[in-house]
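Structural overview
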Amino acid sequence: MAARQDSMERRTLWIVLALNIGLAVAFFATGAFGDSSALIANGLDNLSDSFVYAISLFALSRSAKWKRGAANVSGGLLILFAAGILYDAWRRYIGGSDPLGTIMIAMALIAAAINAVCVWLLAKLKNPNVNIRAANTFSYNDFAANLGIVVAGGLVAWLGTNWPDLVVSVIVAGIAAWGGIDILRDAHGEHHKAVHTDK
């Protein structure tokens, strides 16, 4: 039964990993073309997620201690990513940018659909371990960020200004940082459970 669960988790993580790599490439391309900090922020987010899924796959067949360690790396990467996004938003605020609202909306809607598939696939797994729960956190965060980009794209197109794009970048960074802290707390809780069980 455990082997079957591991096999299902592995297959799901591989699918979600492939989808996130594809999304990261698409976000970077549309972000560069559309001069959008929010799209590039989401590209970095998906790239960070991809690294974490790869770490989770590596930890899947290993001990609970390895899985907690992988979750700690996942949480730390998200917080690091959040700092990078804040830097990019600040750079664009100082240097100026001219984002294309229609590109932002189109890419965000495509990404929201793909992230909804990721959420659905991960939700099908029973008794998820700490890394699968982390993957779920990423997918929910990404979905929320996509909806934010749709709103920002509409405001950019309507008002002809870049501030909605920058605001969403900062919000995406906040969501990522909160998600990272949540994952670290979850891993810490798993560690305490393991300590009490050993006693």
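What counts as what
- Residues numbered from 1 in each chain as written.
- Predicted model: local features only at pLDDT ≥ 70, side-chain atom pairs only at ≥ 80, totals over all residues.
- Heavy atoms only, no water.
- UniProt positions renumbered as here; feature names shortened; annotations may be inferred.
- Core = buried A, V, L, I, M, F, W, Y, C linked by side-chain atoms within 4.5 Å.
- Buried < 20%, exposed > 50% of the residue type's maximum accessible area, 1.4 Å probe, protein only.
- Helix = DSSP H or I, 4+ residues; strand = E, 2+ residues; numbered from the N terminus.
- Contact = heavy atoms within 4.5 Å.
- Salt bridge = Lys/Arg side-chain N within 4 Å of Asp/Glu carboxyl O.

Under an unreviewed UniProt entry, the protein chain has the name Cation diffusion facilitator family transporter and belongs to Donghicola tyrosinivorans. Quoted verbatim from the Subcellular location (unreviewed entry) field of UniProt, the annotation for the protein chain is "Membrane".

**Examining the nonpolar core**
Among the nonpolar cores identified, the biggest contains 37 residues, and F27, Y53, M104 and I149 are the most heavily contacted of them. The dominant element in this core, judged by the number of residues it contributes, is helix α5 (residues 130-159), at eight residues. In this view, Y53 contacts L13, V16, L17, N20, A135, F138 and S139; residues no more than four positions away in its chain are not counted.

**Details of the UniProt feature "transmembrane region" (unreviewed entry) in the protein chain**
In the numbering used here, UniProt assigns the feature "transmembrane region" (unreviewed entry) to residues 12-33, 39-60, 72-90, 102-123, 143-160 and 166-184. For residues 12-33, the helix share is 100%, the strand share is 0%, and the end-to-end C-alpha distance is 32 Å. Secondary structure across residues 102-123 comprises 100% helix and 0% strand; the distance between its end C-alpha atoms is 32 Å.

**Points about the pattern of salt bridges**
In this structure the tally under the stated criterion is three salt bridges. The salt bridge partner of D35 is R92, with a shortest N-O separation of 2.9 Å. Taken together, the residues span a long stretch of sequence, with D35 in the loop between α1 (2-34) and α2 (37-60) and R92 in helix α3 (residues 64-95) at a distance of 57 residues. The exposure class of D35 is partly exposed, given its relative accessible area of 26%. For R91, the salt bridge is made with D88, and the minimal N-O distance between the two is 2.7 Å.

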